[in-house]
Amino acid sequence: MPPKKRNSQTQSKEVKSAESVSPDKKEGPELSFKKHRDKDAEFVTLCKSLHVTDLVCDRAWALWKTVQESMDEIADSQKRVWGACLFVSGTEVDVACFTLTQVLKAVRLNVKQFVSLVRKLDVNLDTISTKVNSALTRLEKKYDVSLALYQRFEKTCKNIFALASDDQQRETMRRCWTMFLLAKGRALQMEDDLVISFQLLLCTLELFIKRCPPDLLQPLYKSAISKVQSPPTRTSRRSQSKAKPRPLEPEVDLPLLKTLCKDNECNVEEVRNVYQTSFSAFLDSLDLSRSPDFPQAKDLNQQYDEHYLKSRDIDGRLFFDGDETVLAPKVEISQVERTPKKNLSDEDALIPPQTPVRAAMTSIQQLRGDLTSSGDQPSTNLATYFKNCTVDPTQDVLKRLETLGQAFSRRFGEAVGPHCVVLGWQRFKLGVRLYYKIMEAMLKSEEKRLSVQNFSKLLNDSTFHTSLLACALEVVMATYGESSFKTGGYNHSGAGDPVETDLCFPWILDVVELPAFDFYKVIESFIKAEPTLSKDIVKHLETCENLIMERIAWRTDSPLFELLKQEHGGGAADQVETPASFSQPLQHNHTAADLYLSPMRPGLRVLPPESPPTPGSQASSQPSAQPAGQTPRLPKSNSLSLFYKKLYRLAYTRLQILCSYLLSSHPELEPIIWTLFQHTLQHEHELMRDRHLDQLMMSAMYAICKVKSVDLRFKTIVTAYKNMPNTNQETFKHVLITEGKYDSIIIFYNVVFMQKLKTNILQYASTRPPPLSPIPQIPQSPYKFPNSPLRVPGSNNVYISPLKSSRMSPGIMTPRSRMLVSIGESFGLSNRFQKINQMVNSGERSFKRALDLGSAPKPLKRLRFDVDGQDEADGSKSGGDSTLIQKLAEMSSTRSRMQEQKMKEDAESKKE
């Protein structure tokens, strides 16, 4: 079959090109059996088939020997482990000997199996370097994106192409997919960007549909293209000379693009911008923008070969061929396709599968829908707040946005692709809209809390504005999937690659030049001010906050160290957070205004005069009362105090997880380890400088186990640590020892941690150990999800959730209706709602009967209602004419009257 022929030709090209591009060709591309007679003959044969250099061969064999000695048993065959060793060695020395696809074919493994095998080789702390691990992470993410895109490509093509001529259709699809792979490789430096890659795929499909014969198209797309231009096949030879000057513009067929975007739930303007920038530049590079014909398959394959061999990556064309090296396990595919289904009846429409592409498009659509009413300029209300300030901040705000917008779009283009600066501006404008929206919500909340309208000090604080904007941009980036935590918060490109290709947090902080400690101050207020944030975004921001507390805020240039110095040495409170408060819930009244305006230096910076504190805020911003006769302490920093409260709770949560893995048989050690851990954070915070919270946690665990004679090795601790959520192996492989020198966690413990805390550690082995630190009270999450159902006041059985935006597409909601009712069964017919009304009526009568019997009413089944309107808690008639809503209001009012009547009767009986 033709696909097999192309594969064999491509494979031979791969090997030939791989030989020619090998940077070590001078060293001798042909391996000699005599030179490597100390190695297994089959291993040398595998090396020769992959055209590896002597250097890679020697390093891979040495790695194999290390793995062989360290692992008790090797589950996979020798040849597969050899392939993994060759990949590791080639990546380490950055020698382009072979592609990943060639290795996969040689050892007969798919991508997921191979990645898993390579990670299993890390039996010691130094077996797999952070460079190899970063390469594996990028490879895995790129593969996941390619798989998701190809699955969507197949489904979309079924809607586009007719089944008239299967061979011709398959050939057209093959050329389209190859051209997309080439466009993605050339236009994007970040080939694992799902959203922009998908938009490029739609651009490629648009080009092929325009140039496709009409008999190959489905009616929907045939009609869409015929409105703008005639298909190329209808152009006669006589008119070719006349038509030559006409196709000067590589203009996008807008009606066709709209049809494609509507069919794929994608924003038309964004795809159009991708077409006019990145895709048009790609077409120009191939001289295809003015040609009415299909690109030649031979030319596409040849150019893609060059890109694929240069990247030493996966041959993306194999997805089209169904090759075993790129196929995901069946279980994984079913999980991608599976959509949670409730008790849907036969008449209900099926819910589209929640694939990665659909999930991304839905999130973007929801964000854009929520910001439809927000503009690129301050709203009337926000402008009024600006004018009410003693110093109007309007001009400073606009200048700051202009400066940061240019910096953001430029850095975005540098990271994503050379023609993506326009896309960066698009992302920035969405962030500005969200920034204005959140700022207005925050100011309204502060006005209600403080009964003032002059926020001059806050609104003229540059750090506050930069932090709020950075948070809004991070939300936009996370919505578009461009900021994630695959690397555990560590950003580094491959060795020798000066170009950043990672937009993961804290990338945004580097762009706007904002210290992480200042960014943390706005996160909680941001979440509380925006009730439409999805659970995924709330969790993303919570993870950002955790990363800041774990590592990023402890960088040398962080203002955190200056605050700690002032707190401990400037006459302020001795402790940033007393252990006695650990057992109390994490509750506070601090807002972003309190945190940004809290004293930076003891006694020098206080709340602005136009913002008098309320009783709640006064208690939180003033120092605790001092005993009589003692010198009063200067006020503490609200931001530092709250930071340490959250830090302690995060630290104990992490320790609790690790102890559950390793010390379940020694539960008495957990509070002792926590005491040492907490003491280190409180009194030896310099140990956190340019280090990670978990490094101190693992060191404290090892120290206590050692003095308590519990056999626990660092290797065991690290192995368990790798199974914890949100971890990265760089945490234990790349620890700061002295200035500019890094080593493993073991060296850090021996040279730094033990030397600093030796006296304290040995106290735990004595008969009179130090008192134990209280255990912090750990909430499930410091944030409430705004979209979660809330109980109606005065009712135990009625729950409501926020009104869904009417701008949202009905297809996003489940089921496809703007009124969502869920009581454990599905709805499709109107008589179902009549049954609810009957139940409500009978429920009201049961309340009356319960009142007569003098017993408390039995709560009905828990309900949840999402409706287009707001329930009236006072029993008044709602705007809608739904019987159900009216009855619910009556029920709530009836129950309130019952409770009041009963309280009066009890009071009168006591008097008598």
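Scroll up for the structure.
These remarks concern the structure in this document. Every chain is numbered on its own, with residues counted from 1 as its sequence reads. Totals for whole chains, interfaces and linings use every residue, but because this is a predicted model, local features are given only for residues with pLDDT of at least 70 and side-chain atom pairs only at 80 or more, for both listing and counting. Where side-chain values are given, they derive from all heavy atoms of the structure, hydrogens and water being excluded.

The next point concerns the overall build of the protein. By definition, any uninterrupted DSSP run of H or I lasting at least four residues is a helix, any uninterrupted run of E lasting at least two residues is a strand, and each is numbered from the N terminus. Scanning the protein from terminus to terminus reveals 36 helices and six strands. Every one of the 912 residues in the protein was classed for burial, and the buried ones make up 51%. Summed over its atoms, the accessible surface of the protein is roughly 43600 Å², and 50% of this surface lies on carbon and sulfur atoms. Type-normalised accessible area, obtained with a 1.4 Å probe on protein chains alone, sets the label of each residue: buried when under 20%, exposed when over 50%, and partly exposed for intermediate values. Computed by Shrake-Rupley with a 1.4 Å probe, the accessible areas treat only the displayed protein chains as cover when residues are assessed.

A separate point is the pattern of salt bridges. When a carboxyl oxygen of Asp or Glu is within 4 Å of a side-chain nitrogen of Lys or Arg, the pair counts as a salt bridge. The tally for this structure, following the rule as stated, stands at 32 salt bridges. Three or more residues are tied together by salt bridges with common partners; here these are Lys112, Arg119, Glu140 and Asp144.

Bringing helix α14 (residues 297–311) into the picture now. The end-to-end C-alpha distance of α14 is 21 Å, a good match for the 21 Å that 15 residues give at a rise of 1.5 Å each. When α14 is considered as a whole, its buried residues turn out to be Leu300, Asn301, Tyr304, Asp305, His307, Tyr308 and Leu309. After α14 finishes, the residue arginine 312 shows a positive phi value of roughly 55 degrees. Here, expected helix span is obtained from the residue count minus one, scaled by 1.5 Å.

Attention now goes to the packing of aromatic side chains. Pairing of aromatic side chains here covers Phe, Tyr and the six-membered ring of Trp, requires ring centres within 6.5 Å, and sorts the geometry by plane angle: under 30 degrees stacked, over 60 edge-to-face, intermediate tilted. A full pass over the atoms with the stated rule returns 38 aromatic pairs. Only lysine NZ and arginine CZ atoms are considered, and such an atom sits over a ring when it is within 6 Å of the ring centre and within 35 degrees of the ring normal. Geometry around tyrosine 480 places arginine 427 over its ring, the cationic atom sitting 3.9 Å from the centre. The cationic tip of arginine 689 hangs over the ring face of phenylalanine 561; the distance from NZ or CZ to the ring centre is 3.9 Å.

We now examine the nonpolar core. Buried residues of nine kinds, namely Ala, Val, Leu, Ile, Met, Phe, Trp, Tyr and Cys, make up a nonpolar core once their side-chain atoms join them within 4.5 Å. Counting 242 residues, the largest nonpolar core has Phe526, Phe643 and Met701 as its most contacted members. Of all the elements, helix α29 (residues 638–662) adds the most residues to this core, at 13 residues. Ignoring anything within four residues of it in the chain, the contact list for methionine 701 reads Leu655, Leu658, Cys659, Leu662, Leu663, Ile673, Leu712 and Ile717. Here, residues are in contact when the closest pair of their heavy atoms is within 4.5 Å.

So, about the side chain of glutamate 270. Note on placement: glutamate 270 falls in helix α13 (residues 268–285). The contacts of glutamate 270, once residues within four sequence positions are left out, are Gln199, Ile364, Arg368, Leu423, Gln426 and Tyr480.

Another point: empty space enclosed by the protein. Here a cavity is any set of points on a 1 Å grid over the protein atoms alone where a 1.4 Å probe fits but cannot get out, and a pocket is any open set with protein on both sides within 12 Å along at least 5 of 7 lines; a residue lines the site when it has an atom within 4 Å of a point. Grid points are joined across faces, edges and corners, and a volume is the space filled by probe spheres set on the points. By the definition in use, this model includes 12 cavities of 30 Å³ or more. Here the second largest cavity is characterised by a volume of approximately 120 Å³. Listed by contribution, the elements that provide at least two residues to the lining of the second largest cavity are α7 (130–160), α8 (166–187) and α14. Sort the elements by how many residues they give to the lining of the second largest cavity and α14 lands first, with four residues.

As a further point, take the pairing of strand β1 (residues 735–738). The rule for pairing is simple: two strands pair if DSSP sees at least two bridges between them. In this structure, β1 lies alongside strand β2 (residues 741–743), joined through three bridges in antiparallel fashion. Bridge pairing in β2 links threonine 738 to lysine 741. Counting the residues in the hairpin turn of β1 and β2 gives two residues, including glycine 740, whose phi is positive at 80 degrees.

Note on placement: glutamate 265 falls in the loop between α12 (254–263) and α13. Residue classification places glutamate 265 among the partly exposed residues on the basis of a relative accessible area of 24%. In this structure the C-alpha to C-alpha distance between glutamate 265 and alanine 360, which are 95 residues apart in sequence, comes to 9.8 Å. Within the structure, glutamate 265 has its side chain in polar contact with the side chain of arginine 358 (distance 3.0 Å). Pairs of N or O atoms are called polar contacts if they sit within 3.5 Å, as long as, within protein, a hydrogen donor faces a hydrogen acceptor (for residues adjacent in sequence, only side-chain-to-side-chain pairs).

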